[in-house]
Amino acid sequence: MQLVLDPDMIACVPGETIPSELDDIDALDRVYRFRLLRFVAYSTGDQDLAETIVQDCLLKAYNSRDSFRGDCSVYTWLAHIATNLVRDSQRSRKFQFWRRVHKTAPDLNEVSSLLSSPQSSVESQMLARERAQQVSAALETLSVNQRTIFLMRFIEEMDIQEICQATGMQVSTVKTHLHRAVKAVRLKLGGGI
Amino acid sequence: MENHRESYLTHLTDEQFTDLLLGTSPAAVTAHLSACPQCAQEAQRVSGAIGSFAQQSRLWAERRAASLPVHSRDSQPVFPRLHIPRSPQAWTAAGLAVALALGIGISLRVDHARPVERQVAAKLQPAVAVSPTILKSDNALLTAIDGELRADESATSGMYGLSGSSRGVRSRSPKRISN
């Protein structure tokens, strides 16, 4: 009988810190900032608040990088921190007040000119823009959990397991939120057969 | 053949559509799509819209993130280094303390300023108006005193053999008081 050792077990020395991308905050910022910004901006519907939350999220991740166990991807871990920060901010009365007073939702029209390419016609570009605006509008009608999970799955392309890790929800709960979110988005897009 | 046709008459349910978008749909759903143009069109429409949104939101976020200042190691630990509290409760407490201190300071300042104000006000009181009769009697009194003083002066000058031309003697004409 031959004993086979897992190479990971041999390489891992207790107490030794494994260098990761979390040690380099500039790289962390460069790689994940825009993804987090997109996720948080559409989760909160407020780009100014999103910038603050992303800043806090990156700082928090960097400062507590020693607690990252590596049992999920770095982005899943960051999304988990960001989700908690979004929840905290939405619970606060200050957020609710400022949301009523001043809300700067992400404006997709800002980038409409960047989407023009010689391959696509003006008509198809306009159609794509209109559809994107419809999805954006549909997201505003969703509950916080539905929106968060929809964004994680379809925009951030996280799988169900990663969403469970990031949100702390059960698989069945995540799937239920996804079903409801997709249904609402389809209705907003004028769908239904 | 009849059963096969009937299966296309019932379209995909919401759950099946979601599974389709998630990529977890069973083979039967895929088979249905290839035979049902309505469901295929609906699936294409929804996935296309989500794809457009993903693309545009990605461009928006990349552009927005590029315009923001990048983290730097030097700029981050300002709060931890100075040990400035970051919790809202701490800032609220600090704000209340400052407001209280300012309030006490202002009230003390107001109390302290009152006697000074009173003194200044007293100094700035306008002179009491004197009637012309009193002025006239005062002027008469001053003239009388001046006359008596002149008389004393001439008596003293005579005693020491000085001429009465009053050289160098100052005239002591009474200053008239005016109102």
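This is a predicted model, so every value here is computed, not measured.

Calculation rules
- Residues numbered from 1 in each chain as written.
- Chains lettered and ligands numbered in written order.
- Predicted model: local features only at pLDDT ≥ 70, side-chain atom pairs only at ≥ 80, totals over all residues.
- Heavy atoms only, no water.
- Helix = DSSP H or I, 4+ residues; strand = E, 2+ residues; numbered from the N terminus.
- Buried < 20%, exposed > 50% of the residue type's maximum accessible area, 1.4 Å probe, protein only.
- Contact = heavy atoms within 4.5 Å.
- Expected span 1.5 Å × (residues − 1).
- Bend = angle between axes of the 7 residues up to and from the residue.
- Polar contact = N/O pair within 3.5 Å; in protein donor to acceptor, adjacent residues only side chain to side chain.
- Core = buried A, V, L, I, M, F, W, Y, C linked by side-chain atoms within 4.5 Å.
- Axes fitted to C-alpha atoms, helices over the stretch in contact; angles between N-to-C directions.
- Parallel < 35°, antiparallel > 145°, perpendicular 65-115°, else oblique.
- Left-handed = near helix turned anticlockwise from the far one by under 90°.
- Nonpolar A, V, L, I, M, F, W, Y, C, P; charged D, E, K, R; others polar.
- Phe/Tyr/Trp six-rings, centres within 6.5 Å; stacked < 30°, edge-to-face > 60°.
- pLDDT = per-residue confidence, 0-100.
- Salt bridge = Lys/Arg side-chain N within 4 Å of Asp/Glu carboxyl O.
- Arc of directions from axis to C-beta.

K.L.:
Explain the overall build of chain A here, please?
P.N.:
Within chain A, the secondary structure is distributed over nine helices and zero strands. Listing the helices and strands of chain A from first to last along the sequence gives α-α-α-α-α-α-α-α-α. Out of the 193 residues in chain A, the part that is buried amounts to 45%. The long-range fraction of contacts in chain A, counting pairs at least 24 apart against all pairs at least 6 apart in sequence, stands at 68%.

K.L.:
Looking at this structure, I do not really get helix H2 (residues 25-44) of chain A. What am I missing?
P.N.:
Spacing of three or four residues puts side chains on the same side of an α-helix, whose turn is 3.6 residues. Residues and elements named next belong to chain A. Taking 1.5 Å per residue as the helical rise, H2 with its 20 residues ought to reach 28 Å, whereas the 24 Å between its terminal C-alpha atoms falls clearly short. Considering bend angle alone, the principal kink of H2 is centred on Tyr32 and spans about 50°. H2 sits mainly inside the fold: 16 of its 20 residues count as buried. Backbone nitrogen of Asp26 and a side-chain oxygen of the N-cap are separated by 3.2 Å at the start of H2; the cap is Asp24. Gly45, located one to two residues past H2, shows a positive phi value of around 75°.

K.L.:
What should I look at first to understand the nonpolar core in this one?
P.N.:
The tendency in soluble globular proteins is for nonpolar side chains to be buried side by side. Ranked by internal contacts, the top residues of the largest apolar core, which has 61 residues, are A:Leu36, A:Val40, A:Leu78, A:Phe150, A:Phe154 and B:Phe53. If near-sequence neighbours (up to four positions away) are discounted, A:Phe154 is found in contact with A:Leu178, A:Val182, B:Leu21, B:Leu22, B:Ile50 and B:Ala54.

K.L.:
I tried to follow the packing of helix H4 (residues 74-91) of chain A against helix H8 (residues 160-167) of chain A on my own but got confused; where do I start?
P.N.:
A pair of packed helices is characterised by two quantities: the angle between their axes and the separation of those axes. All names here are of chain A. In contact at an axis separation of 8 Å, H4 and H8 are set at 45° when each is read in the N-to-C sense. The angle between H4 and H8 falls in the class oblique. As H4 packs across H8, the resulting crossing turns out to be right-handed. Taken together, the residues of H8 that come into contact with H4 (itself represented by Thr76, Ala79, His80, Thr83 and Arg87) are Glu162, Gln165, Ala166 and Thr167. In terms of residue class, the contact of H4 with H8 is made up of two nonpolar, five polar and two charged.

K.L.:
Looking at this structure, I do not really get the side chain of A:Asp46. What am I missing?
P.N.:
Among the structural elements, A:Asp46 can be located in the loop between H2 and helix H3 (47-63). Note on A:Asp46: relative accessible area 7%, which makes it buried.

K.L.:
Whenever I open this one, the packing of aromatic side chains confuses me. Can you help?
P.N.:
Two descriptors summarise a pair of aromatic rings, namely the distance from one centre to the other and the angle between the planes of the rings. The tally for this structure, following the rule as stated, stands at five aromatic pairs over all chains. Taking the centre distance of 6.1 Å and the plane angle of 25° together, the rings of A:Tyr32 and A:Tyr75 count as stacked. Of this pair, A:Tyr32 sits in helix H2 while A:Tyr75 sits in helix H4, and the two are 43 residues apart along the sequence. The same class applies to A:Tyr32 and to A:Tyr75, which are both buried. Pairing A:Tyr42 with B:Trp60 gives two aromatic rings, centres 6.1 Å apart and planes at 75°, and the pair type is edge-to-face. Here B:Trp60 lies in helix H4 (residues 37-67) and A:Tyr42 lies in helix H2, a pairing that spans two chains.

K.L.:
Just checking my understanding: could you explain the environment of B:Ala61 for this structure?
P.N.:
Note on placement: B:Ala61 falls in helix H4. Taking relative accessible area as the criterion, B:Ala61 reaches 0% and is therefore assigned buried. Sequence-distant contacts of B:Ala61, defined by excluding residues within four places in its chain, comprise A:Phe34, A:Leu37 and A:Arg38.

K.L.:
Even after reading the chapter, I still don't get the side chain of A:Glu51, so can you show me in this structure?
P.N.:
With respect to the helices, strands and loops of the structure, A:Glu51 is situated in helix H3. Polar side-chain contacts of A:Glu51 include one of 2.4 Å to the side chain of B:Arg64.

K.L.:
Whenever I open this one, the confidence of the model for chain A confuses me. Can you help?
P.N.:
The predicted coordinates ought not to be read in detail in places where the model reports low pLDDT. Looking at chain A as a whole, its pLDDT mean stands at 79, while 74% of the residues score no less than 70. In this model residues 1-16 of chain A is a low-confidence stretch, pLDDT under 50, and it forms one contact with partners more than four residues away in sequence or in other chains.

K.L.:
I keep staring at the pattern of salt bridges and nothing clicks. Help me out?
P.N.:
Counted under the stated rule, the structure contains 13 salt bridges over all chains. Of the charged contacts, one joins A:Glu51 and B:Arg64 as a salt bridge, the two residues approaching to 2.4 Å between their closest N and O atoms. Here the residue A:Glu51 occupies a position in helix H3, and B:Arg64 occupies one in helix H4, the pair thus bridging two chains. Accessibility classification places A:Glu51 together with B:Arg64 in one group, the buried group. Across the salt bridge formed by B:Asp146 and B:Arg150, the nearest N and O atoms sit 4.0 Å from each other. Taken together, the positions of B:Asp146 and B:Arg150, both in helix H7 (residues 132-159) and four residues apart, correspond to about one turn of that helix. Note on B:Asp146: relative accessible area 9%, which makes it buried. Take B:Arg150: its relative accessible area is 44%, and that puts it in the partly exposed class. Connected through salt bridges with shared partners, the residues A:Lys183, A:Arg186, B:Asp14, B:Glu42 and B:Arg45 form a single ionic network.

K.L.:
What's the story with helix H3 (residues 27-35) of chain B in this structure? I'm lost.
P.N.:
All names here are of chain B. All buried positions along H3 are accounted for by Val29, His32 and Leu33. Summarising the axial view, the buried residues of H3 lie within an arc of 100°, below the 170-degree limit, and thus occupy one face. Those residues of H3 that are exposed and aimed more than 90 degrees away from the buried face are Ala27, Ala28 and Ser34.

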